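# Residue-level structural notes
For reference, the chains in residue letters:
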Amino acid sequence: MFLIECPWCGPRDETEFSYGGEAHIARPVGGGHDMTNAEWGHYVFHRTNPKGLHRERWVHSHGCRRWFNVVRDTVSHEFLLIYKPGEKPDLPALPKSPEPPDGPGR
Amino acid sequence: MSRQSFRLEGGGRIDRARALGFTFNGKRYQGYAGDTLASALLANGVHLVGRSFKYHRPRGILTAGVEEPNALVQLETGAHSQPNIRATQIELYDGLTATSINAWPNVKWDLMAVNNRLGRLLPAGFYYKTFMWPRSWWMTYEKAIRRAAGLGRAPEAADPDRYERQNIHCDVLVVGGGPAGLATALAAGRTGARVVLVDQLPELGGSLLDESAGTGEAWRQSAVAELAAMDEVTCLTRTVVTGYFDHNFLIACESVTDHLGHTGAQPHLPRLKLWRIRAGQVVLATGAFERAIGFKGNDLPGVMLAGAIGTYHARYAVTPGREAVFFTNNDTAYAPAMAMAAGGARVKVADVRTEPGAVADRARAVGIEVLPGHAVVSAAGHRKVRGVMVASLGAEGQVGDPRYLRCDLVGMSGGWSPAVHLFSQSGGKLAWRAADACFIPGVPAQTTRVVGRANGTIGLSALMAEAHAAGADAAKDAGFSGSGDAPTLESDQPEQAPLQPFWSVPAKPKSERKHFVDFQNDVTVGDVRLANREGYRSVEHLKRYTTLGMGTDQGKLGNVPGLALLAEMQGVTVPEVGTTTFRAPFTPLNFGAMAGRDVGEFMDPARRTPMHDLHDEAGAVFEDVGQWKRPFYYPQPGEGKDEAVNRECRAVRNAVGMLDATTLGKIDLQGPDVPALLNRIYTNAWSKLEVGRSRYGLMLGEDGMVIDDGVTSRLGENHFLMTTTTGNAARILGWLEEWLQTEWPELKVYANSVTEQYAVAVIAGPKARDLLGEVTDLDLSADEFPFMSWREGTVAGIPARVFRISFSGELSYEINVPANHGAALWGALMETGEKHGITPYGTEAMHVLRAEKGYIIVGQDTDGTVTPLDLGMDWIVSKNKDFLGKRSLTREDTARTDRKQLVGLLTDDPQAVLPEGGQVVEELQDRPPMTMIGHVTSSYYSANLGRSIALALIKDGRQRMGDTLHIPQPLGGPTLSATVTETVFIDPDGSRLNG
Amino acid sequence: MAEPRRLSSLADEPAHVAAVEAGIVMRQAPLHAMVTLRGNAGDPVFLSGVREITGCDIPTDPCRAAMTTDHAVLWMGPDEWLVVAPPEAGTDLRQRLRDRLGDDRTAVVDVGDALAIISVGGPRARDLLAKGCTLDLHPRTFRPGHCANTLLAKAQVTLHQVDAAPTFSVFVSRSFAVYLWRWMLDAGLEYGVQVLQD
Ligand SMILES: [Zn+2]
């Protein structure tokens, strides 16, 4: 049972939160209508799923209803960093998201 | 009633003034307050308490604590009965009744003991090897094996007892209330830190409880008193920490009244309380477990661990025998040996060490015969030990000629294993300490400290100093200081000589099959050898192949010896074979304690609308929709469900019906950018929606699949009200917030749930306008108040928002009033509506009515794989703007023209109702498998049409209009045939709606 | 036509009075006027507007509540507050806030019918709450004037510590109120519960 430090409310039990998957996956500008099917499919379906450090989103769903970002170690479950949306702390070196199969911008 | 002939005259912590009667295996005995069931049985000379799991060998009490593998009993009978409870941990109470498990017909004449004779045929891996072929017979084998091998019986009646859970927070959690735990808690508690001290025994003190007077006891009493006086220290006794999870979250189970027996239960108190502990710092002072040594028949009743003999002697004033042989590889067995000798017993010690040192001299001084360089090679006796064979050990492990020693008790000590279970559960890594042949805590994974014997620390003063330092450090890391000086508790125990690792007496293979390593699972040295020979060379393989370390004791005794034997057989060190990982729970956890009060009405909240009582009075049958209780239908006297639903459906199409729609999700949206938000999350366009108007919308996920639908109305220039399906209310609010907060923070929109603020009554039917007209100040003419618009006014004197929208296809008004007025609104409409034939209708009629119109229900006619185009709802998908999921609609797979599409189905037999979920096939075969091309999503009998109707998702469905398809019912019922149709069955041009 | 009846969600719950000396005192709070208020805590116009209507300085620190004798403003999120006012304020409260704050930068939403308030106090109140709430309610970490959105048993609640007795106000959605009331009575069994009637 994690103890997660909401950037606003402080440490709360995991049961108050919902997990929101990998962080920093921006929605393509314009809705992706100039992207190939492969590129769009990559945005919708592909995630890094690393063993180790992972940037991910959580929402304090039973608390202040705010979304925030964390860096969590998926092995030790340590939360190394917790930051609000829009904040850009110095992130530790993380595995890169794999490129879409036919490359960006093609 | 037997007298307690093995009870000592004096000493111990039992209360001789309070005799307690109890029954074991049908026989009456007496013990004293302060006894455990095990100590009381031993006081009465009862050693045989059970039969082993696999071979049904007679088994006795081996230990005095939580690690007991043998003495598991079925406690009490009937609904209160509990299986597999350790007799060593059951506090005796008056009237206690217990029976042996695993013995049939009784523990003395166990017919299954034939397995013991067949032991050679039942080696490790036997089940895997033998019963896997022929495969189809496994089910038959399994039943017989389970009957023969089971552990105890679950009660058959519902559990009548009360259980609770409670959360507790602390700066420092101390697990274990022995000398180390007490010293830790004192050091931390004195700083003012919040400390929780947990111990499994009724009294704090741990091993100090083995002396009832002297300096140790004096210190114990003062420590306990000092802790009790600290406001911020909580001591939980009779409490076992069973799990250590992430972020210093631990689970502990407390006996509140359990130890009093069910006659001691009190209605306002739980039997067990499950503590959910969140700690800043954790200090583990969990002690150590003594180990057995392998020799032939080391499982005979009367063969015990040496330390346990000492505990029974000192704490419970019981001598488990009168003529004892101790078998040891270390110094610790001498103390109980000398205690027994002092009590008048005849005692011999076989020590595998050739030069046992000073301790042997002290033993000899009190008349104990010490045999250095000797081992016990076998125990003799049937159901109870009556002698042992001892032999000398050569330097190369050669066993000399054995000689017989008469005895009624054997005390063995193979060294000690620190109780590292919780440390291991917390993620900490274990380290092998060769000198003491044990695993000790290595690198912790959390803010965990381990002290005392759990840390491999030997000697009372060293242990106290370590514990004090750990308590002070833990408090300091939690932000507190001022622990004072470490306690000085000088031990009269001299320095200990080193142990000589020794796991099992060298013997022939046949003999090794009776050298038990894991008593509970009947795993022997022979099994370990077999596993090694067959290539199961890692500890994880060994465990799974032999079941070593499984069962209720989770290898507390057997794991380390098993591992060490495997290493020895491979000629490598223990860490090379692997370490062992302990998992929760440390001891079996009661299901009732896990459930707590989440039973009965507290299992799941029942959410009721403000009109609930009126539905109840009207005789409604309720349906669970999520946590909501919604009226399903309202049967009148003599009506079943079908009659009631048919009547309700006819009333809506011919007069007026009323539905409680309070549970629909309602989201209040305010801000100048609401239209922009709606444009992005709905598939259709919203910018031009005027104040006073409503519009239907469909939401998609980014994968292009429908996730929700509903009507949104413009209440003001910057103010909208969105409705969602009942089950999606919270999810859709979350969906909006997610996009607003993380992707579109520039949009000025505030979203708030108002589902609970408004009660909603829907009146629908050709008489709806007449009825509403009588109770409202609103102009209801079609020109003033057209379809898909809303007005604010009063209804029955209550301020209301009235929405002219429809889910039934009839003229319909959805009346929203503040929830506290909901019952009044419903009552007034029922009263005024009587002359119009008003009929309350439930969710089933609502479903039939919407299906007659081909209106979808998201989650019933869709399942997360359905696009708007699949639903034939192209008309609502904007070509001119982007929205969530739009790009996905042109992906190759979503753009296919032969996807499953929503169509109507009309059965050939108009009275036959298709099963919802029924698979649809194009070509019938005699029997499955047949190619399935889709399934029925909605199916009802329509009273208004006088026939059944259905909706279905069919591959390439729109190309199949007029085709006949088939719905087989392989689980019973005839195969039905149906024709593919459009989805709208009634009033396709909507004249009833718009009138 | 029937008289409009205004019923709270707990109106018909029977009162239970325990036989043992009560460590817990529970009470159904009377109906209040309540609105959810959304806006920008950095906007002085917003802050002064709220102060003018409620008499409270809007709490900008998380999980804090401001109180006067008849109003309370509870922090619900970085841009969200719950305003609690006497029953007679009614829908007027929303309208006055609306008029004062405008509708392009703020949102004001009536929630007075959506929420029930259960008052729970007494020397064992923290223990009762600890049976269903994972918050650390120790006086070192949770004090009068603190509030939190959290879970109590299986209901989402807003917990507001009103005084040091301690007394807590538990705000809960109306459809969960009966469930939660009964759950609290049950959880308090161990300590004895006295139910106060207004
Ligand atoms: Zn929060």
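Predicted, not measured: the structure shown is a model, and the values here were computed from it. Each chain carries its own residue numbering, running from 1 in the direction its sequence is written. Whichever chain is written first is A, and whichever ligand is written first is 1; the rest continue in order. Owing to the predicted nature of the model, reporting of local features is limited to residues with pLDDT of at least 70; listing and counting of side-chain atom pairs is limited to 80 or more, with chain, interface and lining totals taken over all residues. Processing note: side-chain calculations cover all non-hydrogen atoms of the structure and skip hydrogens and water entirely.

### A short note on the side chain of Asn70(B)
Residues and elements named next belong to chain B. Counting from the N terminus, the helices are DSSP H or I runs at least four residues long and the strands are E runs at least two residues long. Within the secondary structure, Asn-70 is located in the loop between strand S4 (58-59) and strand S5 (72-75). Polar contact is defined as a pair of N or O atoms within 3.5 Å, subject to the rule that within protein one atom must be able to donate a hydrogen and the other to accept it, and that residues adjacent in sequence are counted only when both atoms are side-chain atoms. One polar contact links Asn-70 to Arg-59, side chain to side chain, over a distance of 3.5 Å. We call two residues in contact whenever any of their non-hydrogen atoms come within 4.5 Å of each other. Contacts of Asn-70, omitting those with residues within four sequence positions, involve Arg-59, Gly-60, Leu-62 and Phe-519.

### Some thoughts on the pattern of salt bridges
Residues and elements named next belong to chain B. Salt bridges, as used here, are contacts in which a Lys or Arg side-chain nitrogen is within 4 Å of a carboxyl oxygen on Asp or Glu. One pass over the full model with this rule turns up 70 salt bridges over all chains. In this structure, Asp-598 engages Arg-165 in a salt bridge whose closest nitrogen and oxygen atoms are separated by 2.7 Å. Taken together, the positions of Asp-598 in the loop between helix H17 (591-595) and helix H18 (612-617) and Arg-165 in strand S8 (residues 163-175) put the pair 433 residues apart, joining distant regions of the chain. Think of it in three bands: with a 1.4 Å probe and only protein chains considered, a residue is buried below 20% of the maximum accessible area for its type, exposed above 50%, and partly exposed in between. By relative accessible area, Arg-165 is classed as partly exposed at 23%. Between Glu-203 and Arg-220 there is a salt bridge, with the nearest N and O atoms lying 3.5 Å from each other.

### A short note on the packing of helix H13 (residues 525-533) of chain B against helix H15 (residues 559-570) of chain B
All names here are of chain B. In this description, a line fitted to the C-alpha atoms serves as the axis of each element, helices being fitted only across the stretch in contact, and the angle between N-to-C directions of two axes falls anywhere from 0 to 180 degrees. Running from N to C, H13 and H15 cross one another at 50°; their axes reach a closest spacing of 10 Å. If you check the angle between H13 and H15, you find them oblique. As for the relative orientation of H13 and H15, their crossing is right-handed in sense. For the pair H13 and H15, contact is made by Val-525, Val-528, Arg-529 and Asn-532 and by Gly-562, Leu-565, Leu-566, Met-569 and Gln-570, respectively. Here the angle decides the label: under 35 degrees means roughly parallel, over 145 means roughly antiparallel, 65 to 115 means roughly perpendicular, and every other value means oblique. Helix crossings are classified by the rotation of the near helix relative to the far one: an anticlockwise turn of less than a right angle makes the crossing left-handed, while a clockwise turn makes it right-handed.

### Considerations on the pairing of strand S2 (residues 10-13) of chain A
All names here are of chain A. Only strands that DSSP links by at least two bridges are regarded as paired with each other. Relative to S2, strand S1 (residues 3-6) runs antiparallel, the two sharing four bridges. For Glu-5, the partnering residue across the bridge sits in S2 and is Pro-11. Turn length for the S1-S2 hairpin, with the two strands adjacent in sequence and antiparallel, is three residues.

### A look at the interface of chain B and chain A
In this complex, chain B contributes 28 residues to the contact, which on the side of chain A involves 27 residues. When two components associate, each loses some accessible surface as probed by a 1.4 Å sphere; the sum of these losses over both components is called the buried area. Here chain B packs against chain A, burying approximately 2300 Å² in sum over the two surfaces, 44% of which is carbon and sulfur. Of all residues in chain B, His247(B), Gln741(B) and Arg887(B) bury the most surface against chain A, accounting for 30% of the area lost on that side. Run the count over chain B and chain A and you get six salt bridges. Summed over the shared surface of chain B and chain A, the number is 21 residue pairs in polar contact (both at pLDDT 80 or more).

### Considering the coordination of the zinc ion
All names here are of chain A. Taken together, the protein donors to the zinc ion comprise Cys-6 (SG), Cys-9 (SG), His-60 (ND1) and Cys-64 (SG), at separations of 2.0 to 2.4 Å. With water excluded from the atoms, a metal site may look incomplete; its donors are any N, O or S atoms within 2.8 Å, or within 3.2 Å for Na, K and Ca. The sequence pattern describing where the donors of the zinc ion fall on their chain is C-x2-C-x50-H-x3-C. You can see Cys-9 sitting in the loop between S1 and S2 and its partner Cys-64 sitting in the loop between strand S4 (53-59) and strand S5 (67-73), a full 55 residues away along the chain. For the pair formed by Cys-9 and Cys-64, the shared burial category is buried.

### Comments concerning the interface of chain C and chain B
Contacts between chain C and chain B engage 55 residues on the former and 55 residues on the latter. Approximately 4400 Å² of surface area, both sides summed, lies buried where chain C meets chain B, with 48% of it carried by carbon and sulfur atoms. On the surface where chain C and chain B come into contact, there are ten salt bridges. Residue Lys273(B) is joined to Glu190(C) by a salt bridge in which the shortest nitrogen-to-oxygen separation is 3.1 Å. Linking chain C with chain B are 28 residue pairs in polar contact (both at pLDDT 80 or more). Per element, the largest residue contribution to the side of chain C that touches chain B is nine residues, and it comes from helix H4 (residues 174-187) of chain C.

### A word on the domain arrangement of chain C
All names here are of chain C. For the purposes of this description, domain bounds are those given by an automatic or database domain assignment. Each domain of chain C was delimited in the assignment, giving domain 1 (24-30 + 114-196) and domain 2 (33-110). Taking only C-alpha atoms into account, the centre of domain 1 sits 23 Å from that of domain 2. Counting from both sides, the interface comprises ten residues of domain 1 and, opposite them, ten residues of domain 2. For the pair domain 1 and domain 2, the two sides together bury roughly 970 Å², of which 71% comes from carbon and sulfur. The interface formed by domain 1 and domain 2 contains three residue pairs in polar contact (both at pLDDT 80 or more). For the side of domain 1 that touches domain 2, the secondary structure elements donating two or more residues are strand S7 (115-121), strand S8 (147-152) and strand S9 (155-163). It is S9 that contributes the most residues to the side of domain 1 that touches domain 2, three residues altogether. For the side of domain 1 that touches domain 2, the class distribution of residues is five nonpolar, five polar and no charged. Gly is placed with the polar residues, together with every amino acid not listed as nonpolar (Ala, Val, Leu, Ile, Met, Phe, Trp, Tyr, Cys and Pro) or charged (Asp, Glu, Lys and Arg).

### Brief notes about H13(B)
Residues and elements named next belong to chain B. For H13, a buried count of seven out of nine residues is recorded, marking the element as mostly surrounded by other parts of the structure. Among the residues of H13, those classed as buried are Val-525, Gly-526, Asp-527, Val-528, Leu-530, Ala-531 and Asn-532. Looking at the residues trailing H13, positive phi occurs at Gly-535, about 100°.

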